[in-house]
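Working through the structure, step by step
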Amino acid sequence: MPDVLIQNARVLDGGQLVPAEILIEDGKIKGIAKEFRISSYDELINAKNAVVIPAGIDGHVHFRDPGLTYKEDWYSGSCSAAAGGITTVLEHPNTIPPVIDKAGFSVKLKRAQKRSVIDFGINGGVTNNIDKLKEIWRLGISVFGEIFMAESTGGLNISNNMLGDALSEIGEMDALACIHAEDEALRLINEGILKNDTGIDVHSRIRPNECEEIAVHDCIRINKEAAVSSRLHFCHTSTPEAVSLIAKAQKEFSSAGAGNAGKITCEVAPHHLFLSTKDYARLGTLGKMNPPLRSSDDAAYMIRALNSGLINAVASDHAPHMQYEKDVPMRSAPSGVPGVETLMPLMLASVRKNMLSLERVVQVTSFNPARIFGLDRLGKGSMDEGYDADLLFFDPKNVVPIQSKNLHTRCDWTPYEGMDGIFPSMTLSRGDVIWDGYQVVAKKGRGQFLPGAGLQTDEDGKPITVFDDDDDEE
Ligand SMILES: NC(=O)N[C@@H](CC(=O)O)C(=O)O
Ligand SMILES: [Zn+2]
Ligand SMILES: [Zn+2]
């Protein structure tokens with residue numbers, strides 16, 4: 001007997017929305033049809049004509065747990081994701097302690113298992129820990145990175161020399177290296193030159209387009225020269241220059257033929273699609289993030305590149321800092337903006353404005369991230385039979401202004417205040433309703449760990465992860 005029958009839904013079929021029913025068994029999609037004509041099931045969900053798409057996979061969040069849980073923790077962050085239609089996240093390593101060794105990994109895994117309401121992967125940091133990369137890969141980290149080529153929150157940045165050694169090591173494991181591409185040398189020079197500049201957009205001029213362009217160029221070259229090239233994924237790309245370099249390298253890769261080494265993908269963050277340097281006047285330091293806001297022409301280019309397939313995925317780079325921490329001069333303000341709960345609403349509102357098709361939104365928020373980050377092998381990123389029933393329900397007409405007071409993150413502001421969003425009327429994770437349109441109805445800790453491909457198990461198939469026994473509650 002199926003667990004759940006969803007009636008009166010609309011789903012995408014060849015680019016069109018068609019009426020459908022969805023059957024779920026053991027938390028997985030059992031089938032989608034116009035009508036099933038069955039009468040026995042455990043639970044009936046009336047979708048009331050909502051559109052149902054795969055829930056979002058956000059490959060780039062910072063949930064600050066352990067270490068800075070006043071900004072976010074695994075519960076608040078995952079609730080925020082659920083309310084925004086995201087059911088899977090990959091969480092980045094710049095926490096305190098950072099995930100750069102077994103101890104850091106174990107603390108984070110334990111926290112997440114106790115608190116997360118959605119499924120999650122944990123990324124492994126790369127700094128002066130090259131001798132530890134194999135170990136954290138075997139413990140089940142999802143991917144390596146973000147690897148910081150320039151200074152950003154958490155101070156995990158590495159030199160280009162070390163990057164070469166790291167990429168070689170990562171390539172040898174056939175893992176994925178996720179890159180934060182900004183050139184540290186140029187950033188430092190600009191910081192000196194613009195020392196006394198008090199312009200509102202100074203952060204964007206300290207880290208100009210060229211800063212990203214140089215880093216992407218160098219990273220691709222360093223990877224080519226490495227003893228073993230790695231698969232590369234560029235995080236939060238923000239400039240036409242970077243996207244063009246990546247497109248060229250992608251082309252070279254596909255003409256080179258078989259194998260994974262050297263394969264390159266990239267993502268864009270919503271703030272580089274929907275905000276620009278024009279928003280500094282409204283946002284001040286709330287508009288400070290790395291890489292920084294770009295011109296409105298660049299943002300328009302990024303939307304086109306997302307449409308045309310040059311950019312493969314959207315990820316929020318959810319990086320919460322509290323308003324009082326941001327309420328300081330531009331230079332001392334921390335970099336980062338929250339975004340996990342507004343990613344899908346902004347994307348869905350952009351469909352209504354004909355900026356993107358719904359089909360493309362599904363590709364870049366679910367199908368592609370699942371494949372880039374190796375989550376499809378764990379049942380993520382499709383509504384085909386056998387995949388996890390991770391579903392987002394929405395009413396395409398229900399456009400509302402985004403308001404910080406309605407969001408579930410601990411972060412007490414949003415850079416999208418007043419902008420249009422289409423929020424989910426319901427979110428399902430593995431067939432469970434976790435967001436009912438009004439509140440998060442999921443049990444704390446129901447989220448499952450999604451181990452990376454390197455996970456080593458013992459003879460009984462159990463992960464080798466060993467927890468530290470000490471209590472690390474904050
Ligand atoms: N994007 C940011 O400006 N900040 C991120 C780190 C990062 O992704 O660089 C953070 O963790 O605060
Ligand atoms: Zn980054
Ligand atoms: Zn980040």
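What comes next is a walk through the structure.

Rules of the game
- Per chain, residues are indexed from 1 in the order of the written sequence.
- By the order in which they are written, chains take letters starting at A while ligands take numbers starting at 1.
- With pLDDT at 70 or above as the cut-off, local features in this predicted model cover only qualifying residues; side-chain atom pairs require 80 or more to be listed or tallied, and sums for whole chains, interfaces and linings still use all residues.
- Excluded from the side-chain calculations are hydrogens and water; all other atoms, namely the structure's heavy atoms, are used.
- Labels follow the DSSP assignment, with helices taken as runs of H or I lasting at least four residues and strands as runs of E lasting at least two, numbered in each case from the N terminus.
- Put simply, the radius of gyration uses C-alpha atoms, and a globule should come to 2.2 Å times the residue count raised to 0.38.
- Throughout this description, buried means an accessible area under 20% of the type-specific maximum (1.4 Å probe, protein chains only), exposed means over 50%, and partly exposed covers the range between.
- When checking whether two residues touch, look at their non-hydrogen atoms; a contact exists if any pair is within 4.5 Å.
- Surface exposure here means Shrake-Rupley accessible area, sampled with a 1.4 Å probe, where a residue is shielded only by the protein chains that are shown.
- For the charge count, each Lys or Arg is scored as positive and each Asp or Glu as negative, with His and the chain ends excluded.
- Here the site of a charge means NZ on Lys, CZ on Arg, CG on Asp, or CD on Glu.
- Think of the donor list as every N, O and S atom within 2.8 Å of the metal, or within 3.2 Å for Na, K and Ca; water never makes the list, so a site can look incomplete.
- Here a strand pair is declared whenever DSSP counts at least two bridges between the two strands.
- Interaxial angles span 0 to 180 degrees and are taken between N-to-C directions of axes, which are lines fitted to C-alpha atoms, for helices over the stretch in contact.
- One heavy atom within 4 Å of a molecule or strand makes the whole residue count as near it.
- Polar contacts, as counted here, are pairs of nitrogen or oxygen atoms within 3.5 Å of one another; within protein the pair requires one atom able to donate a hydrogen and one able to accept it, and residues that are adjacent in sequence qualify only if both atoms are side-chain atoms.
- Put simply, the grid is 1 Å and covers the protein atoms alone, a cavity is a trapped set of points that fit a 1.4 Å probe, a pocket is an open set with protein on both sides within 12 Å along at least five of seven lines, and lining residues have an atom within 4 Å of a point.
- Each molecule is assigned to a cavity or pocket provided more than half of its atoms lie within 2 Å of the corresponding grid points.
- Each residue is assigned to one class: nonpolar for Ala, Val, Leu, Ile, Met, Phe, Trp, Tyr, Cys and Pro, charged for Asp, Glu, Lys and Arg, and polar for all the others, Gly among them.
- Angular relationships are summarised with four words: roughly parallel below 35 degrees, roughly antiparallel beyond 145, roughly perpendicular across 65 to 115, and oblique for the angles in between.
- Left-handed describes a crossing whose near helix is turned anticlockwise from the far helix by less than a right angle; the clockwise case is right-handed.
- Residues grouped as a nonpolar core are buried Ala, Val, Leu, Ile, Met, Phe, Trp, Tyr and Cys residues, joined through side-chain atoms within 4.5 Å.
- When a carboxyl oxygen of Asp or Glu is within 4 Å of a side-chain nitrogen of Lys or Arg, the pair counts as a salt bridge.

Within the protein one finds 14 helices and 18 strands. For 474 residues, the compact-globule formula gives about 23 Å, and the C-alpha radius of gyration of the protein, at 21 Å, lands near that figure. Expressed as lengths along the three principal axes of its C-alpha atoms, the size of the protein is roughly 70 × 55 × 50 Å. For the protein, the residues scored as buried account for 61% of the 474 residues in total. The contacts in the protein between residues at least 6 apart in sequence include a share of 74% that link residues at least 24 apart. By element, 49% of the accessible surface of the protein is carried by carbon and sulfur atoms, the whole surface being about 18,200 Å². Here the protein contributes 48 positively and 66 negatively charged side chains, and the mean placements of these two sets differ by 3 Å.

This part takes up the coordination of the zinc ion (ligand 3). Note on the zinc ion (ligand 3): its protein donors are H60 (NE2), H62 (NE2), E146 (OE) and D317 (OD). The metal-donor distances range over 2.0 to 2.2 Å. Sequence spacing among the residues donating to the zinc ion (ligand 3) works out to H-x1-H-x83-E-x170-D. The distance between the zinc ion (ligand 3) and the zinc ion (ligand 2) comes to 3.4 Å, with E146 serving as a donor to both metals. Of the two residues, E146 sits in strand β9 (residues 144–148) while D317 sits in the loop between β13 (313–314) and α12 (323–326), which places them 171 residues apart along the sequence. Since its relative accessible area comes to 7%, D317 is described here as buried.

Read across the open sheet, the five strands follow the order β9-β10-β11-β12-β13; overall the sheet is parallel. Every other strand in the sheet has two partners, leaving β9 and β13 as the edge strands with one partner each. Where strand β11 (residues 231–234) meets strand β12 (residues 264–268), three bridges bridge the pair, whose relative direction is parallel. Among the inter-strand pairings, L232 is bridged to a residue of β12, identified as I264. Of the strands in this sheet, β9, β10 (176–180) and β11 are in contact with helix α4 (residues 160–172), which crosses β10 at around 150°.

Attention shifts here to the site of ligand 1. Near ligand 1, the surroundings consist of 17 residues, among which R64, E146, S152, T153 and D317 are the closest. A distance of 3.3 Å is found between an oxygen atom of ligand 1 and a backbone nitrogen or oxygen belonging to G336. In the complex, 100% of the free accessible area of ligand 1, which totals 310 Å², lies under the protein chains. Judged by its atoms lying within 2 Å of the grid points, ligand 1 is housed in the largest cavity. Partitioned by chemical class, the residues of the shell around ligand 1 number three nonpolar, 11 polar and three charged.

Glancing now at the packing of helix α7 (residues 209–225) against helix α8 (residues 240–256). The geometry of α7 relative to α8 is characterised by a closest axis approach of 7 Å and an angle of 20° between their N-to-C directions. Classified by the interaxial angle, the pair formed by α7 and α8 is roughly parallel. Considering the relative orientation of α7 and α8, their crossing is right-handed. Residue-level inspection shows N209, E212, E213, V216, H217, I220 and K224 of α7 in contact with α8, the latter providing P240, E241, A242, L245, I246, A249 and E252. Class assignment of the residues belonging to the contact of α7 with α8 gives a composition of seven nonpolar, two polar and five charged.

Turning next to the sheet that holds strand β8 (residues 119–122). Strands sit in the order β6-β7-β8 across an open sheet of three strands; the sheet is parallel. Two strands bound the open sheet, and with one partner strand each, they are β6 (56–61) and β8. Each strand of the sheet is rotated relative to its neighbour by a mean of 20°, with strand direction disregarded. With four bridges connecting them, β6 and strand β7 (residues 86–91) associate as parallel partners. The residue bridging D58 from the neighbouring strand is V89, located in β7.

Turning our eyes to something else, we now look at the coordination of the zinc ion (ligand 2). Summarising the metal site, the zinc ion (ligand 2) is bound by the protein donors E146 (OE), H180 (ND1) and H236 (NE2), whose distances to it range over 1.9 to 2.1 Å. Look at where the donors of the zinc ion (ligand 2) fall in the sequence and you get E-x33-H-x55-H. For H180, a relative accessible area of 1% corresponds to the buried category. Relative accessible area serves as the criterion here: at 2%, H236 is assigned to the buried category.

For the rest of this paragraph, the subject is the nonpolar core. Counting residues in each nonpolar core, the largest one holds 100 residues, and the members touching the most others are F144, I179, F234 and M347. When residues in this core are grouped by element, the largest group, seven residues, is from helix α13 (residues 343–352). The contacts of M347, once residues within four sequence positions are left out, are L273, F274, L306, V314, L356, V361, V364 and T365. Counting residues in hydrophobic clusters, the runner-up holds 18 residues, among them I24, A50, V52 and M426.

Per the stated rule, a full pass over the model turns up 28 salt bridges. Note that D201 and R205 form a salt bridge whose closest N and O atoms lie 3.1 Å from each other. We note a salt bridge from R221 to E225, for which the minimum N-O separation is 3.4 Å. Residue R221 and its partner E225 are both found in helix α7; the two are separated by four residues, about one turn of the helix. We classify E225 as exposed; its relative accessible area is 56%.

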